[in-house]
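# Reading the structure
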Amino acid sequence: MVSFNEDACSAASDLFGKNLEIGIEVTDLFKSSDTVHIQENIDKSLMGETDSYTISDSHENKDVQLTFFPVLNKDGEIEFVSIKFDAEGNSGLEYYNNSSNSQGKIDLDYHLQIYENLFHNNPDAVFQFDLEGNFVNANQSSAELAETSREELLNMHFLPLVAPEDADRIIDHFERAKSGKPQNFITGFLSTKGTSKFLNVTNFPIYNGETIIGVFGIAKDITIQKLAENKIAEERQMLRAIIDNIPDYIFVKNRENQSILSNWKFNENILGHKFSEQEAGVTPLDYLEKSKAEGIIADNEAVMKTGTSVINRPDVVTNIHGKKERVLLTKVPLKNQKKDIIGLVGIARDITETYLHNKKQELIFSIIKAFGDSPNFKEAMLATIELLCRELNFDYAEAFKVSVNNQNLIRNAYWPEGNSFSSSEKEYVVYEHGEGLPGIIWESGEFKTFRKSDNKDLLQNMNLCEKSAIKSVVGIPIHYQDDIISIILLASADENKKIESDILKDIAFQIGSAIESKRSQTQLNDFFHYSPNLIAVIGIDGFIKKVNPSFEKKFEYPEEDILTVPFTEFIHPDDLAKTFKALEEVDIAGSDFELRCRKNDGDYLTISWRFSQFFKEEKVVFVYGTDITEIREKEEKLKYSEQRFKALVQDSSDIISIVDEEYNYLYNSPAVTPVFGLSPNEMNATNFWTYIHDEDKVQLVSNLNSLHTKKRIHLPSYRIKNKNGNWRWIETIVTNSSADPAIGGMVMNSRDITEFIIQERKLIESLERYDIVSKATSDLITDYDLEKNKMFLHKNSEQLFGYEPNELGYDGEWWDEKIHPDDIDSVKKLSRKMHDEGVKNLTVEYRFRCADGSYKYILDRSYLLKDKYGAPKRIIASMQDITERKEQLIEIENQNKRLKEIAWTQSHVVRAPLAKIMGLVDLLLNYKEESENMDYILEKILVTSEEMDQIIRKIADQSENEL
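Residues numbered from 1 in each chain as written. Predicted model: local features only at pLDDT ≥ 70, side-chain atom pairs only at ≥ 80, totals over all residues. Heavy atoms only, no water.

### Points about the overall build of the protein chain
In terms of helices and strands, the protein chain carries 30 helices and 38 strands. Going through the 963 residues of the protein chain one by one, you find that 39% of them count as buried. Across the protein chain, every contact between residues at least 6 apart in sequence was considered, and the portion connecting residues at least 24 apart equals 43%. Only carbon and sulfur atoms are counted for the fraction: they give 50% of the accessible area of the protein chain, which is about 56,900 Å². (Helix = DSSP H or I, 4+ residues; strand = E, 2+ residues; numbered from the N terminus. Buried < 20%, exposed > 50% of the residue type's maximum accessible area, 1.4 Å probe, protein only. Contact = heavy atoms within 4.5 Å. Areas by Shrake-Rupley, 256 points an atom, 1.4 Å probe, with all protein chains shown as cover.)

Here it is as structure tokens:
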């Protein structure tokens, strides 16, 4: 008990006759028959449930109902249980307030204060629902989580805040809480602004007496934890996929030697079933026999206690099929973040085949060496059978040779010496065909195994000592070509001795060769014959004395060519000094040096040589060589690749960056400095988005999201802010190489296009002005590219002449064809002045043919543009349609011409009657005395005047018609 109020103290005294004290066990208040039930209810409340229990036999013979409520701490976790007493349906608090009402009120206010603090100041969302699921109370953390105000939240139902895919499940949890069952669950959450989160929610019913009136809830934001768990789950899945496909045995143990992780091979071959979580926790005692398991556990404990790793230790494991496998075992301590050892990680690589092969090869090599080192055949055979017994775990061996006449087998060696199980006391033991074990093998010519249980007579009396009898024997015929030249018997005191037949058969073949080689070759030749390395014997006189077959094959020279010229003839001239220095230090064993040596075809091989042994008396030295040409070529390629990488990446003007999934920079090339004003080291570990202009982020996010489905994207140009606060325009190609372990991120190839953007904007502004000017005038603007011989028309060309603008432009010849034939020569003549003489401004009138075949008069004003060298580059022209004005001028000129012609023509007609009138007037003036003619003259004047009047009228009518 940690707290109680005065009413509870009075109730305990009156109902149970007990006094309440801090620290006592609550169950001590009640009878033993009730304590089990009370403890169960306390445990349920600690799990979030609200329950009650009735005690029928109290101190005052009243039924007392105990109601158990979970109490939350400041972290929103259930830490305490509150027990409420109710006697005969009356609340304990109300019932006992008769004696201490004032103190009860104080306690009630105190607990209400605690409740208000825990509710409203809780960092987690704390809320209450009515039975319909509407919010009736919520703290500020709830409103902040929902991204709304507390007032708006209290007008909402919980369902709009639940992720749609979780809605049905959450409704079910709510219904269960309403039925009195506390619930704890994880759900997806959507705020009023659409923010997605993960919540850990606890719901339990709110009681009023025994009636549930609502649901109380606490929600903890576990988004970061959930995302981390998802990432961990993905990483575990990836780790599982990796280790299950590794051919080695992999296992992880905790400090109790329990399995916490193992791969498919371990579970399939050691545990005998595929991995499942149910098998986690098993120890070696669960799948191995006790002694073996205890040995493994002791070995594991040594690693975990000392912290010393076991690296590639040879070991033997037995799989579930009983097959023994040779492994290289590695055990490394597993440590937590505090560097405490919490277990170990083990890897066992199956090297059985390699081991057996190497064992066989080593044994063969040892046997060959034994033949070479032994001074005679008998000692060579003794050394051989000793090797076979020691390496293959046999207890006894005998070797027999075939007699010269091929009639008998003669024992020439046995091991261990002094332990012969032959009944004969003679120095030489002889067998004939079919006699005894050796004779049976000789006769059959086959590899045979004998067990005592199957061949009692043959193995009878074969004892190594008084207590150790021979129980299994293997007979090995040694062939050379088609003849049996020797018989070897290997014996064991173990009747179930495993016979490695394949190894023995291969060894038998090699022994046959060794026997014959011993008879015909020297130690050096034997060794040369079996060595895959380049081996040579070089004399101090500068000549090669002997080479092995590998040497001849590698350099493609016949042996006689190699032995008849100084060895320096085969050395690259630049390596001769190195060679002579190595010869001077020939007494220093084990030093390696590289030389380029010439093949027969003229190519050079890079050989790593080592002096093995210097024989001073013979003045020769043994050298061993390994061809490392391919290794050096690969190194050169790698070096070239690195140089190319530096040229392409390190020295490139383009920025090459690598970012992780959160767009944190992992790598930046040196080109980043001129643009960002930061060194690559300063840029690394910063985030891509911190440099991006806010207006560009939405578009970039949209484009970068497509990397989920595309390998490579081209981002639209965007702005970055450099160290000096200036904005630079960047163009970027992004390649998703996250799956590539060599890169492990997204590669960004970027370049600064700020100057291009500035020029582009200037060009756009110029084009806009050009377009405005074009719209403000009825003239056609043309652009003639002299270099390309292309004429580009403004879009109003169709309105003026009926020709559609062509984005590719029209040829100059097309333009010439549209000029009127009568005008083309004059126009071309003036055009040549611009080309040849550099005249910058030119105005010319000509007729231009429209698309419908008609001609229009054009006033063409041209301006010549030159390049930076002063050569003509383009002609910008304005073509004005002056057809109407031109036709009016021509019409006026034609009218004036016709009027002139009328005046000229009629003036002669008028002068004739006028001349008559003038003559008649002259007669009247000069011949007044001749009155008889006066009337005639006047009559003539009248007639002539009327004639003149008619002429004048006619002229007037003609002029009026013309005008």
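### Description of the sheet that holds strand S36 (residues 841-849)
Taking strand neighbours across the sheet as the criterion, the 6 strands line up as S35-S34-S33-S38-S37-S36 in an open arrangement whose pairing is antiparallel. The open sheet terminates on both sides in strands that have one partner only, identified here as strand S35 (810-811) and S36. Of the pairings in the sheet, the one linking strand S34 (residues 790-793) to S35 comprises 2 bridges and is antiparallel in character. Paired with Met791 across the two strands is Tyr810, which belongs to S35. This element, helix H28 (residues 824-837), spans S36, strand S37 (855-866) and strand S38 (872-881) of the sheet and lies at about 145 degrees to S36. (Pairing = 2+ DSSP bridges. Axes fitted to C-alpha atoms, helices over the stretch in contact; angles between N-to-C directions.)

### Some thoughts on a positive patch on the surface
On the surface, a cluster of positive charge is contributed by Lys292, Lys323, Lys324, Arg326 and Lys498. Locating Lys324 in the fold gives a position in strand S13 (residues 324-335). (Patch = residues over 30% accessible without salt bridge, like charges linked within 9 Å, V, L, I, M, F, W, Y side chains within 5 Å. Salt bridge = Lys/Arg side-chain N within 4 Å of Asp/Glu carboxyl O. Lys, Arg positive; Asp, Glu negative; His and termini not counted. Charge placed at Lys NZ, Arg CZ, Asp CG, Glu CD.)

### So, the side chain of Ser797
Here Ser797 lies in helix H26 (residues 797-801). Ser797 sits in the buried class, given a relative accessible area of 0%. Once you skip the residues sitting within four places of it in the chain, Ser797 turns out to touch Leu780, Gly802, Tyr803, Glu804 and Pro805.

### Quick look at the nonpolar core
Leu388, Ile488 and Leu490 are the most contacted members of the largest nonpolar core, which has 32 residues in total. When near neighbours in sequence (up to four residues on either side) are disregarded, Leu490 contacts Leu388, Cys389, Phe394, Tyr396, Ala397, Ser472, Val473, Val474, Ile476 and Leu504. The next biggest cluster of nonpolar side chains, apart from the first, holds 25 residues, and it includes Ala671, Ile730, Met746 and Met748. (Core = buried A, V, L, I, M, F, W, Y, C linked by side-chain atoms within 4.5 Å.)

### Observations regarding a negative patch on the surface
On the surface, Glu234, Glu235, Glu661 and Glu662 cluster together into a negatively charged patch. For Glu661, the position within the fold is in the loop between strand S28 (655-659) and strand S29 (665-668). A residue is classified by how much of its surface remains accessible, and Glu661, at 62% relative accessible area, is exposed.

### Section: the pairing of S37
The pairing of S36 with S37 spans 9 bridges and is antiparallel. Residue pairing for S37: Val844 is matched across the bridge by Asp860. What sits between the antiparallel neighbours S36 and S37 is a turn of 5 residues, in which Gly853 has the positive phi angle 95 degrees. Summarising the sheet, S37 and S38 pair through 9 bridges and their orientation is antiparallel. In the strand pairing of S38, Leu865 is matched with Arg874. Linking two consecutive strands that pair antiparallel, namely S37 and S38, is a turn of 5 residues; a positive phi of about 85 degrees is found at Gly870 within it.

### Some points on the packing of aromatic side chains
Overall, the coordinates contain 26 aromatic pairs when judged by the stated rule. Arranged with centres 6.1 Å apart and planes meeting at 90 degrees, the rings of Phe266 and Tyr287 form a pair that is edge-to-face. Of this pair, Phe266 sits in helix H9 (residues 264-271) while Tyr287 sits in helix H10 (residues 284-287); the two residues are 21 residues apart in sequence, bridging distant segments of the chain. Here Phe266 and Tyr287 have matching classes, each one buried. Put simply, the rings of Phe801, Tyr803, Tyr810, Trp814, Trp815 and Phe848 touch in pairs and so form one group of aromatic residues. Of note, Lys505 hangs over the ring of Phe447, and the distance from its end group to the ring centre comes to 5.5 Å. (Phe/Tyr/Trp six-rings, centres within 6.5 Å; stacked < 30°, edge-to-face > 60°. Lys NZ or Arg CZ within 6 Å of the ring centre and 35° of its normal.)

### Some thoughts on the sheet that holds strand S7 (residues 183-190)
Judged by pairing direction, the sheet is antiparallel, and its 5 strands sit side by side in the order S6-S5-S9-S8-S7 without closing on themselves. Strands at the two margins of the open sheet, each flanked by one partner only, are strand S6 (135-138) and S7. Ignoring which end each strand starts from, the neighbouring axes of this sheet average 30 degrees apart. Pairing of strand S8 (residues 196-208) with strand S9 (residues 211-221), which is carried by 10 bridges, proceeds in the antiparallel orientation. By the bridge assignment for S9, Thr202 is matched with Ile218.

### Re the environment of Ala370
Residue position: Ala370 is located in helix H12 (residues 352-373). Linking Ala370 and Leu387, residues 17 residues apart in sequence, is a C-alpha distance of 9.1 Å. Setting aside residues up to four positions removed in sequence, Ala370 forms contacts with Ala380, Ala383 and Leu387.

### Regarding the pairing of S8
Pairing of S7 with S8, which is carried by 8 bridges, proceeds in the antiparallel orientation. Bridge assignment links Phe185 to a residue of S8, and that residue is Val201. The loop that links S7 with its antiparallel partner S8 comprises 5 residues; one of these, Gly194, has a positive phi angle of about 90 degrees. Where S8 folds back onto S9 in an antiparallel hairpin, the turn is made up of 2 residues, including Gly209, whose phi is positive at roughly 70 degrees.

### Comments concerning the pattern of salt bridges
A full pass over the atoms with the stated rule returns 37 salt bridges. For Asp694, the salt bridge goes to Lys697, with nearest N and O atoms at 3.4 Å. Note that Asp694 and Lys697 are positioned in helix H24 (residues 694-704) at a spacing of 3 residues, about one turn of the helix. The salt bridge involving Arg847 is made with Asp823; its shortest N-O contact spans 3.0 Å.

### Side note on unusual backbone geometry
With the exception of glycine, most residues fall at negative phi, and the peptide bonds are largely trans. The residue after Trp415, namely Pro416, is reached through a cis peptide bond having omega 0 degrees. Examined against the element boundaries, Pro416 turns out to sit in the loop between strand S16 (409-415) and strand S17 (430-431). Positive phi, normally seen in glycine, also occurs at Glu556, with a value near 65 degrees. Structurally, Glu556 can be placed in the loop between helix H18 (549-555) and helix H19 (559-563). By relative accessible area, Glu556 is classed as partly exposed at 42%. Of note in the backbone geometry, Tyr663 takes a positive phi value of approximately 65 degrees without being a glycine. In this structure, Tyr663 sits in the loop between S28 and S29.

### Remarks on the packing of H12 against helix H13 (residues 377-392)
Axis separation between H12 and H13 bottoms out at 8 Å; the angle between their running directions is 160 degrees. With respect to each other, H12 and H13 are oriented roughly antiparallel. In terms of crossing hand, the pair formed by H12 and H13 is right-handed. Along the contact surface, H12 presents Lys359, Leu363, Ser366, Ile367, Ala370 and Phe371, while H13 presents Phe377, Ala380, Met381, Ala383, Thr384, Leu387, Leu388, Glu391 and Leu392. Taken together, the residues of the contact of H12 with H13 sort by class into 11 nonpolar, 2 polar and 2 charged. (Parallel < 35°, antiparallel > 145°, perpendicular 65-115°, else oblique. Left-handed = near helix turned anticlockwise from the far one by under 90°. Nonpolar A, V, L, I, M, F, W, Y, C, P; charged D, E, K, R; others polar.)

### Side note on H24
It helps to recall that an α-helix has 3.6 residues per turn; residues three or four apart then point in one direction. Taken together, the buried positions of H24 are occupied by Asp696, Leu700 and Leu704. Projected onto a plane normal to the axis of H24, the buried residues spread over an arc of 65 degrees and lie on a single side. Exposed residues pointing more than 90 degrees away from the buried face of H24 are listed as Glu695 and Val698. Next to the buried residues of H24 lie strand S30 (712-721) and strand S31 (727-737). (Arc of directions from axis to C-beta.)

### Brief notes about the environment of Cys597
Along the chain, the position of Cys597 falls in strand S25 (residues 592-598). With relative accessibility at 3%, the residue Cys597 sits in the buried group. As a C-alpha pair, Cys597 and Phe570 span 27 residues in sequence and 5.4 Å in three-dimensional space.

Just distances and angles here, no functional claims.
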